[in-house]
Amino acid sequence: MEKMNNLKDLLKHELQDLHSAEDQIIAALPAMIEKATNTSLKNSLREHLRVTEKQKNRVVQILELLGEENAGNGRKKKGIAGLFGGAQKCKGMAGIIDEGKKIMSEKMHPDVMDAAIIASAQKVEHYEICGYGTARSYAEELGLQKVAELLEQTLNEEYEADDKLTFLAESRINRQAEKGGRTKTGSESTRGT
C-alpha cells in the first residue's frame, strides 16, 4: 500500500471509499425495496436508488477532476487510487449492509419489517453523511471549489434522504410497528402512506 503523503491523497482515498459504498448501496437497495410493504417507503427507496446512481457517477466525475483516469471503470489502478481502485471494498458500508441483510432475514410482522428497513437505511445515510462531509471539508481546505460544490450537492441529497426516512418513521411506520400492525379495521388498513 502506498503512503498517503498529503490531504489530497487522503481526499482521493475517501472518494474511492465512497465510490465503493455507492456500488454496494446500489446492489443492496433492490432487496430493501422488495421487502418493504409500505408504499411510501417503497417509493422513497426507489427514488433513492435513482439518486444513488447519480451520486456514484458524481464521485467518478470528482475523481476525474482530481486526475484519476478510469475512475469508475472498475480496473485496478496503480498509485494512491490503487489503494481502493476497482478491487477496493468499503468495509464500513459492507458491515452496515450485512447487518441490514441479517435483520431483514428475520421473521417479523410486515410493519416491524418496514421499521427495521428504515433503521437500516438510516445507518447507510449516516455513514454517507459522514464520508461526504469529510471529503467536502478536505476539498474546501485544498481550495478545490468545484469538487467541494459537487460533494456539497451529494451531502445535501443524503441529508434529504435521511429526513424523508425520519418523517416516514415518525409519522406512521414506527407507530404501526409498535402495534404490530393491529388497528381498529385490521392490519391491511395500515399499508400505504
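Residues numbered from 1 in each chain as written. Predicted model: local features only at pLDDT ≥ 70, side-chain atom pairs only at ≥ 80, totals over all residues. Heavy atoms only, no water.

Draft legend 1. Region of the structure containing the environment of Lys 89. Examined against the element boundaries, Lys 89 turns out to sit in the loop between α2 (39–65) and α3 (91–104). Measuring from C-alpha to C-alpha, the distance between Lys 89 and Gln 24 comes to 8.6 Å, with 65 residues separating the pair along the chain. (Helix = DSSP H or I, 4+ residues; strand = E, 2+ residues; numbered from the N terminus.)

Draft legend 2. Quick look at helix α5 (residues 145–179). With 35 residues, α5 should cover 51 Å at 1.5 Å per step; its first-to-last C-alpha distance of 49 Å lies within 8% of that length. Phi turns positive, to about 70°, at Gly 180, one or two residues after α5. (Expected span 1.5 Å × (residues − 1).)

Draft legend 3. Local environment of the nonpolar core. Counting 27 residues, the largest nonpolar core has Met 32, Leu 41, Leu 45, Met 93, Ile 117 and Ile 118 as its most contacted members. Those elements giving two or more residues to this core turn out to be α1 (7–35), α2, α3, α4 (110–141) and α5. Here this core gets seven residues from one element, more than from any other, and that element is α1. Residues within four places of Ile 118 in sequence aside, it is in contact with Leu 41, Leu 165, Leu 168, Ala 169 and Ile 173. Residues Leu 18, Ile 62, Ala 135 and Ala 148 belong to the second largest nonpolar core, which totals 16 residues. (Core = buried A, V, L, I, M, F, W, Y, C linked by side-chain atoms within 4.5 Å. Buried < 20%, exposed > 50% of the residue type's maximum accessible area, 1.4 Å probe, protein only. Contact = heavy atoms within 4.5 Å.)

Draft legend 4. The confidence of the model for the protein chain, seen in detail. Here the protein chain shows a mean pLDDT of 87. Residues at 70 or above account for 82%. Here residues 74–85 is modelled with pLDDT under 50, and outside its nearest four sequence neighbours on either side it reaches 31 contacts, counting other chains as well. (pLDDT = per-residue confidence, 0-100.)

Draft legend 5. The arrangement of α3 in detail. If you check α3, its first and last C-alpha atoms are 20 Å apart, about what 14 residues at 1.5 Å a residue would give, namely 20 Å. Listed in full, the buried residues belonging to α3 are Met 93, Ala 94, Ile 96, Ile 97, Gly 100 and Met 104. In an axial view of α3, the angular spread of the buried residues amounts to 165°, which keeps them on one side of the axis. Opposite the buried face of α3, at more than 90 degrees from it, the exposed residues are Lys 91 and Lys 102. Elements in contact with the buried residues of α3: α1 and α4. (Arc of directions from axis to C-beta.)

Draft legend 6. Quick peek at the environment of Arg 172. Considering the arrangement of structural elements, one finds Arg 172 in helix α5. Separated by 61 residues in sequence, Arg 172 and Asp 111 have C-alpha atoms that sit 9.9 Å apart.

Draft legend 7. Representation of the pattern of salt bridges. Following the criterion strictly, the structure yields eight salt bridges and no others. Here Lys 123 makes a salt bridge to Glu 99, at a shortest N to O gap of 2.5 Å. Taken together, the residues span a long stretch of sequence, with Lys 123 in helix α4 and Glu 99 in helix α3 at a distance of 24 residues. Of the residues examined, Glu 99 reaches a relative accessible area of 43% and is grouped as partly exposed. Put simply, Glu 160 and Lys 164 hold a salt bridge, and the shortest N to O gap is 3.5 Å. Within this pair, Glu 160 and its partner Lys 164 are both found in helix α5, separated by four residues, close to a single helical turn. A relative accessible area of 39% places Lys 164 in the partly exposed class. The network of salt bridges with shared partners includes Arg 136, Glu 140 and Glu 152. (Salt bridge = Lys/Arg side-chain N within 4 Å of Asp/Glu carboxyl O.)

Draft legend 8. The arrangement of the environment of Val 124 in detail. With respect to the helices, strands and loops of the structure, Val 124 is situated in helix α4. As a C-alpha pair, Val 124 and Ile 25 span 99 residues in sequence and 8.0 Å in three-dimensional space. The residues touching Val 124, leaving out its near neighbours within four places in the chain, are Ile 25, Met 93 and Ile 96.

Draft legend 9. Molecular detail of the packing of α1 against α4. Across the interface, α1 lies against α4 with an axial gap of 10 Å and an inter-helix angle of 160°. It follows that α1 is roughly antiparallel to α4 by the angle criterion. In the crossing of α1 with α4, the sense of the turn from one axis to the other is left-handed. In the contact of α1 with α4, the residues fall into 16 nonpolar, two polar and seven charged. (Axes fitted to C-alpha atoms, helices over the stretch in contact; angles between N-to-C directions. Parallel < 35°, antiparallel > 145°, perpendicular 65-115°, else oblique. Left-handed = near helix turned anticlockwise from the far one by under 90°. Nonpolar A, V, L, I, M, F, W, Y, C, P; charged D, E, K, R; others polar.)

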